[in-house]
Amino acid sequence: MADQRDRATYEVDGHTITALTATPAGPTRKPLIAALHGGTYTARYFDVAGAPEGSFLDTATAHGHPVVAFDRPGYGGSTPLAPDANTFDRHAELLAGALEQAAQRLGARGVFLAGHSIGGMIALTIAATRPDLPLIGVSATGMGAVIPSGGAAEALGSLPPDETVDLPHEGREQVMFGPAHTYRAEGLRQARESYAPVPVRELIQAPAWPREQLAGIAPRVRVPVHNALAEFDALWDSGPADVARFAGLFTAAPFVDASVARGTGHCIDHHLLGHALHLRQLAFAEECAVWAAGEAGDAAEAADHAAEAAARPGTGTGTGTGR
């Protein structure tokens, strides 16, 4: 984790949304990456160096991407929501507003949206409900299509619903990390700096979301989708069939890349092979940028054709000689 990052603040519908920001050393034309953390973490989740090569922020900026990692409502300096208002849909509304402001401030022509766990659910919701945003693609990691009944996710969701709880390190890390050989002590130390109390309402919604929301949201996502599930995920079923099931739901996406992140637990980024995930995400972002440029070119070409057609005799509004 870097010693110093910039902070940004956005005001959306009377709520404050804070963010951790990082920029490359020099000018860049790469898309902005907007990152959404999961439950029990702050935006610092993305600045934990699970591998010696560095954190997601380190790797993304080294490859030329500016990054804005938002604190979701109730985390960091972002305004908490009342329990009854603390829904993933409301998070999506507020964070989409902050993302729109961030893109304008930074002059970003395209945004690649990355979310982990609950952050992935919210990222997909934004992609499905805000087609007006300049999204070029979305990466949802640490989440999939199937949460096993009676597993750790449902156990966490059984806590008092209106409380905010700070999970003990030992219990939290049994859920978030894979076997001891998959992470290093320094990565674990840095991860603890990103821990935060979690509203129980989030832990109740998360197990229900793939069952109640995913099938309705996925077909509405019209940008490319990347997905990675941890090999040793304690919260999700992450076998090949589960990965394929998730990918198959995104029928309107131009392309989908879904796979198992080998040698990792639920907080994939904080493992030794978290760096491999980061490289895959950035490669996917490059593919999305090329796709988006092609889409923009097709749209410009279509607009040119329409203007050309309108200028021809007999095709303008009210000027034709139709029968």
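Here, every reference points to the structure presented above.
Since we're looking at a predicted model, the values are computed, not measured.

K.L.:
Could you give an account of the overall build of the protein, with specific residues and numbers?
P.N.:
Of the regular secondary structure elements, the protein holds 10 helices and 10 strands. Once the C-alpha set of the protein is aligned to its principal axes, its extents read approximately 80 × 45 × 40 Å. Across the 323 residues in the protein, those meeting the buried criterion constitute 53%. Intrachain contacts of the protein at a sequence separation of at least 6 include 80% that bridge at least 24 residues.

K.L.:
Any details on the environment of P73? Residues and values, ideally.
P.N.:
Here P73 is to be found in the loop between strand 4 (67-70) and helix 2 (88-106). Taking relative accessible area as the criterion, P73 reaches 2% and is therefore assigned buried. Sequence-wise, P73 and L113 are 40 residues apart; in three dimensions their C-alpha atoms are separated by 17 Å. Discounting chain neighbours no more than four positions away, the residues touching P73 are I17, S78, T79, P80, L81, H91, L94 and L95.

K.L.:
Account for unusual backbone geometry, naming residues and giving values.
P.N.:
The phi dihedral of D13 is positive, around 50 degrees, even though this residue is not glycine. Topologically, D13 is positioned in the loop between strand 1 (6-12) and strand 2 (15-22). Here the phi dihedral of S117 falls at roughly 60 degrees; this positive angle occurs in a residue that is not glycine. In this structure, S117 sits in the loop between strand 5 (111-116) and helix 3 (118-129).

K.L.:
I'd like a description of the nonpolar core, backed by residues and values.
P.N.:
Core analysis: the biggest nonpolar cluster contains 56 residues, and F70, L124 and I126 have the highest contact counts within it. Sort the elements by how many residues they give to this core and helix 2 lands first, with 9 residues. Each residue touching L124, except ones within four places of it in the same chain, is listed here: V138, A140, M143, W209, I217, V221, V225, F246 and F250. L20, A43, F112 and A191 belong to the second-largest nonpolar core, a separate cluster that totals 27 residues.

K.L.:
Quick rundown of helix 9 (residues 240-248)? Include the residues and the values.
P.N.:
Turning to helix 9, its buried residues number three or more, namely D242, V243 and F246. Axial view of helix 9: buried residues confined to an arc of 100 degrees, hence all on one face. What points out from helix 9, more than 90 degrees from its buried face, is the exposed set P240, A241 and R245. Looking at the packing, one finds that the buried side of helix 9 touches helix 3, helix 8 (214-217), strand 9 (225-230) and strand 10 (256-261).

K.L.:
Report on the packing of aromatic side chains, specifying residues and quantitative values.
P.N.:
Scanning all chains against the criterion turns up 9 aromatic pairs. With a centroid separation of 5.1 Å and 80 degrees between ring planes, the pair formed by Y45 and F46 is classed as edge-to-face. Residue F46 is classed as buried on the basis of its relative accessible area, which comes to 4%. With centroids separated by 5.6 Å and ring planes inclined at 70 degrees, the aromatic side chains of F255 and F284 adopt a geometry described as edge-to-face. Residue F255 is located in the loop between helix 9 and strand 10, and its partner F284 is located in helix 10 (residues 274-311); the two are separated by 29 residues in the primary sequence. By relative accessible area, which is 27% here, F255 ends up partly exposed. Classification of F284 as buried rests on a relative accessible area of 1%. Sitting above the plane of the Y195 ring, R172 keeps its charged end 4.0 Å from the centroid.

K.L.:
Report on the pattern of salt bridges, specifying residues and quantitative values.
P.N.:
Taken as a whole and judged by the stated rule, the model has 17 salt bridges. In this structure, the salt-bridge partner of R5 is D58, at a minimum N-O distance of 2.7 Å. In this pair, R5 is assigned in the segment before strand 1 and D58 in helix 1 (residues 56-62), connecting sequence segments 53 residues apart. When the shortest N-O distance is used, the salt bridge between E100 and R130 registers 3.3 Å. Of this pair, E100 sits in helix 2 while R130 sits in the loop between helix 3 and strand 6 (135-141); the two residues are 30 residues apart in sequence, bridging distant segments of the chain. Residue classification places E100 among the partly exposed residues on the basis of a relative accessible area of 31%.

K.L.:
Residues and numbers for the sheet that holds strand 6, please.
P.N.:
Taking strand neighbours across the sheet as the criterion, the 8 strands line up as 1-2-4-3-5-6-9-10 in an open arrangement whose pairing is mixed. Unpaired on one side and paired on the other, strand 1 and strand 10 mark the two borders of the sheet. Each neighbouring strand pair of the sheet contributes to a mean axis angle of 20 degrees, computed without reference to strand direction. With 4 bridges joining them, strand 6 and strand 9 adopt parallel strand pairing. Pairing of A140 across the sheet is with N227, part of strand 9. Packed onto the sheet, helix 2 meets strand 1, strand 2, strand 3 (32-36), strand 4, strand 5 and strand 6 and runs at close to 120 degrees relative to strand 1.

Basis of the calculations
Residues numbered from 1 in each chain as written. Predicted model: local features only at pLDDT ≥ 70, side-chain atom pairs only at ≥ 80, totals over all residues. Heavy atoms only, no water. Helix = DSSP H or I, 4+ residues; strand = E, 2+ residues; numbered from the N terminus. Buried < 20%, exposed > 50% of the residue type's maximum accessible area, 1.4 Å probe, protein only. Contact = heavy atoms within 4.5 Å. Core = buried A, V, L, I, M, F, W, Y, C linked by side-chain atoms within 4.5 Å. Arc of directions from axis to C-beta. Phe/Tyr/Trp six-rings, centres within 6.5 Å; stacked < 30°, edge-to-face > 60°. Lys NZ or Arg CZ within 6 Å of the ring centre and 35° of its normal. Salt bridge = Lys/Arg side-chain N within 4 Å of Asp/Glu carboxyl O. Pairing = 2+ DSSP bridges. Axes fitted to C-alpha atoms, helices over the stretch in contact; angles between N-to-C directions.

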